Structures are given as C-alpha cells and as structure tokens.
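# Understanding the architecture of this molecule
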Amino acid sequence: MFVSTETTARFQRDARAILHLGGPLLVNNLVLAGMSVTNTIAAGRVGPEALAGVAAGGSYYQLFWLGGLGILLSLPALVAHAYGAGRNEDVGHRFRQGLWLSQMIALPVLVALMFVGPVLEWFGTDPRTIPHATAYVHTLCFGMPAMLAYLAHRYTTEGIGWTRPIMFTAALGLAANVLGNWVFTLGHFGVPSLGARGCAIATVMSQWSMLVAIHVYQRRHRAYQPFGLFARFEWPERRTLREILAFGLPIGGSVLSEGAFFAVAGLLMSTLGTEIVAAHQIALSWGSIMFMVPLAFHSATTVHVGRKVGAGDPVAGRFAGWSGIAMCAMFMSASAIVIVLARHHIAALFTTDPQVQLLGAGLLLFVAIFHVPDGIQVGAAGALRGFRDARVPMALNFTAYWLVGFPVAYWLGIHQSQGPRGIWMGLILGLFACALLLTLRYRQVSRRAVRAGMATLAPAAIGG
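What comes next concerns the included structure. (Residues numbered from 1 in each chain as written. Predicted model: local features only at pLDDT ≥ 70, side-chain atom pairs only at ≥ 80, totals over all residues. Heavy atoms only, no water.)

Moving on, we come to the overall build of the chain. The number of helices and strands found in the chain is 15 helices and 0 strands. A compact globule built from 464 residues would reach a C-alpha radius of gyration of about 23 Å, and the chain, at 23 Å, matches this within 12%. Once the C-alpha set of the chain is aligned to its principal axes, its extents read approximately 75 × 55 × 35 Å. Restricting the contact set of the chain to residue pairs at least 6 apart, pairs at least 24 apart contribute 83%. In the form shown here, the chain has an accessible surface area of approximately 20500 Å², with 68% of it arising from carbon and sulfur atoms. (Helix = DSSP H or I, 4+ residues; strand = E, 2+ residues; numbered from the N terminus. Rg over C-alpha atoms; globule rule 2.2 N^0.38 Å. Contact = heavy atoms within 4.5 Å. Areas by Shrake-Rupley, 256 points an atom, 1.4 Å probe, with all protein chains shown as cover.)

Attention now moves to unusual backbone geometry. Of note in this structure, F189 is not a glycine but carries a positive phi near 55°. The phi torsion at R388 lies on the positive side, around 60°, for a residue other than glycine. As for its placement among the helices and strands, R388 is situated in the loop between α13 (354–386) and α14 (391–415). By relative accessible area, which is 35% here, R388 ends up partly exposed. (Buried < 20%, exposed > 50% of the residue type's maximum accessible area, 1.4 Å probe, protein only.)

Attention now goes to the pattern of salt bridges. By the definition in use, this model includes 10 salt bridges. We note a salt bridge from E158 to R154, for which the minimum N-O separation is 2.7 Å. Of this pair, E158 and R154 both sit in helix α7 (residues 144–159), 4 residues apart, which is roughly one turn of the helix. Neither residue differs from the other here; E158 and R154 are each classed as buried. It is possible to trace a salt-bridge network through shared partners that takes in E89, R96, R232 and E234. (Salt bridge = Lys/Arg side-chain N within 4 Å of Asp/Glu carboxyl O.)

With 55 residues, the main nonpolar core has W65, L72, L113, Y136, L148, Y150 and L151 as its most contacted residues. Sequence-distant contacts of L113, defined by excluding residues within four places in its chain, comprise Y60, Y61, F64, V137, H138, C141 and M144. A283, I325, F366 and A383 belong to the second largest nonpolar core, which has 41 residues in total. (Core = buried A, V, L, I, M, F, W, Y, C linked by side-chain atoms within 4.5 Å.)

Viewed as axis vectors pointing N to C, helix α3 (residues 74–84) and helix α4 (residues 88–113) meet at an angle of 160°, and their least axial separation amounts to 8 Å. By the angle class used here, α3 and α4 are roughly antiparallel. In the crossing of α3 with α4, the sense of the turn from one axis to the other is right-handed. From α3, L75, L78, V79, A82 and Y83 reach across to α4, where they touch N88, D90, V91, R94 and G98. (Axes fitted to C-alpha atoms, helices over the stretch in contact; angles between N-to-C directions. Parallel < 35°, antiparallel > 145°, perpendicular 65-115°, else oblique. Left-handed = near helix turned anticlockwise from the far one by under 90°.)

Attention shifts here to the state of the cysteines. Tallying each qualifying case throughout the model produces 0 disulfides. Left without a disulfide partner, C141 is nearest to the cysteine sulfur of C199, which lies 16 Å away. Judged by its relative accessible area of 0%, C199 is buried. (Disulfide = S-S within 2.5 Å.)

Relative orientation of the contacting elements α4 and α7 amounts to 155°, with a least axis distance of 8 Å. As far as their axial angle goes, α7 and α4 are roughly antiparallel. Between α4 and α7 lies a crossing of right-handed hand. In this structure, α4 contributes V91, F95, G98, L99, S102, Q103, I105, A106, V109, L110 and L113 to the contact, and α7 contributes M144, P145, L148, A149, A152, H153 and T156. Partitioning the contact of α4 with α7 into residue classes produces 13 nonpolar, 5 polar and no charged. (Nonpolar A, V, L, I, M, F, W, Y, C, P; charged D, E, K, R; others polar.)

The following block contains the structure:
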C-alpha cells in the first residue's frame, strides 16, 4: 500500500520525539529491573530459604506496589495536558497534590503489607520461607512512602518531557542497591549477613536515595522554575485529588488486571513441577526484559500525545498515538524474530541444566508469538492515556485477561493436562484480545476527539 511522503515525514517526527522522551525511560526501566536481579542474585548466594523469602515476599509486595503505581500513573498525562496548554501553574499544583496523594496511598498500603505473614500461611507457603518473607516485606515498608513520593516527582518530570533526570536517579538507585546488598545481604565491612532482610535494606536505601536525588534536582534546575513546583505550601485540595483519582484508579485497575493475570499463571505453572517452573521463569524473564523497550515507548507516547491534545491539536495527537503503537509493534516483531533464531542460546544464558534448557527454548517460542500483541496493547494503552481515557480500557483489560485468557489457560493447562503449553496459550490469547480491544478503543476515542475539535473550530470559521 502506498504511503505518502507527508505521512512518512509525520511518522519520523513523532518517532524522534518518542525516542527522545523514551530513551532515558528505557534506561530507567532496565535499571529498575537490574535492582530485582541484584536482589535475586544476592539472596541466592545466601541460601535457598532467603531466596524463597525474597520471591514470596516480593510477589506479595508487588501486588500493592502496582496498585499505588497505577494510580499515580495518571500524573504524566494530566501534567502533559496542562503543559501543552501553557498552564504552568497547573503543573506545579498537580505535582503538589500528587505528593499528598502519594502519601495518602502509602498509609493503606503499609497496613496491608503488615499482614504478609498470615496471608502466606493461609496460602500454604512453605513454613521455612515465611519468616524470611515477613522480614523482607516488613523492612520494605520503610521505603514505600519514599518510593511513592519519588513517583510523584518522576511522573511530573515525565509530563513536561524532561526525562533525563529519571535515568540519572535510577542509576544512583541501582548503585545504592548493589552497595546495600554487598554490605547487608552478603555481609561485609564487619556487618553480619542479614539474608532477605538485607535485600530489603538495600532496596530501601535505593528508594530514599532516588527520592532525595530527584527532589534536589527539581529544586535547583532552571528547567523547573516556570512551574513553581516548590514555590509555596498547599494543603490537599479535593477537586484536584478527585481529578487525579478519577483518572488514576482505572489505570491502577488495568495495571493490576495484567499483573495479577501473569502472577496467577505463574501459580498455575508452579503445580506442574520444578523443571517446568524453571523453564517458565526463563521464558518470562526474557520476555520481561524485552518488554522494557515498548514500556518506555508507552510512557513517552502518553506524554507526546497528551501534549498535542493539551495544545488543542487532536489530529496531531491521534497520529502521534498511532506512531507510538507502530513503534512498539515494530520493535517487538524484531525481538520475536531474534527469539525464534536464538532461543536455545537465550535459554543457555539462564541455566546449565539440559532439560530445563530444552523446555525453556520451547516456551520461548510462545514468547515470540505473544511479543507482537504485547507491544500493540501497551502502545495502545499509552496512546489512550494521552487522550485521558482510562475507565473503558480498564474494563477491556479485565475482559481480555480474566474472561478470555485465564479460562483458556486453566482449561488447557490444568483441566486438559496440556501443561505449560496450555497455560501459555491462555496468556497469548489474553494478550491478542487485549491488543485488539485497546486498538479499536483508541481508534474510536481519537476519532471522536478529532471530530469534536473540528466541531469547535467550525463556528469560528463561519464567523470569520
């Protein structure tokens, strides 16, 4: 099909803008993933019980952490709209209210985290693991307020399109995490090894260091002066908090729907044997690493589209959203080809066990299949958030993952005894459904915004 020179030029402009915004975010995503890897390696060197504690405690912690993160994910789009419209004072106001909201979220999250021990007992976790998991989660509580406050800072700077500080603060956080694990988890400089609790201390160190770094940077750098982020103190303001929550709660629901879907799939896989669980972890780990790229494009697309729409140009915003979706799809297509060609080498990076390598290489083919829809759905989600659309996408996420994907995964994997392949078929079907539904939703929402914009301009044109 013929593509005009003008369309190609517009795509190239949008792609450059998304890459400019998304490059530092990609580094940030990879660094944060590196923290998890560092904790896993350090705990594994202490012993299997410490590693199991970090894994079990981390899964419990992640559910609540994703909820808070999802709610605050409304800030980049809201800030981008204000920035695109030239309302600099609103940028500072939304930042300050986002800070208040981050600490309001922290309180119920901390209460929920305190119940990690009883919940793991009820779930049937190995009794030897529970003390390590409890120590890990209870120690992480000291960093939760800092990390949620950091997100308010980070998402504000994303919204105005100044993403390089995020990359630098994430690098500082990784350095603090590595140092903390060296000292407290592995036991150096006269400090005894604290096992899983040491991993948590290292994580808390990184969280507070990231908050302090980005706070000082935003206070001192001239790029933030027009917004008056710290110009004055203000109390929580109900109208703005309601605006952030009205957009953020559905985003949090979408994030939880997907995260819980993959977590439950992992639990189903855990009933099938040690080698299968290990192979599943290999496939999921590699898929997660590659997902960091479209995830960065997703965030950049939200900001890029939000700024266009906020500036009153929904036509440019609509095209920018399609550009972001296309970039996510193209990268994941290339990644899928690499997986097909190098799956045995990829599996060998994670294990020396021949049986696990063979199983892992087989499951990596399923990762290659779901790569493209995974890229499309995350790109479409980012574009929709740029148009401040979240409630319907939350329902579509739930439908795709829990009414389509999960029943298929359970039926084929467990009921029909097809094992990991059946479960992965459910994952793939859920992602295909999500990609299709969110893309159709974006087509509808962006077209409606363009028509509304034209209707607004029509009276002015007639009057002229």
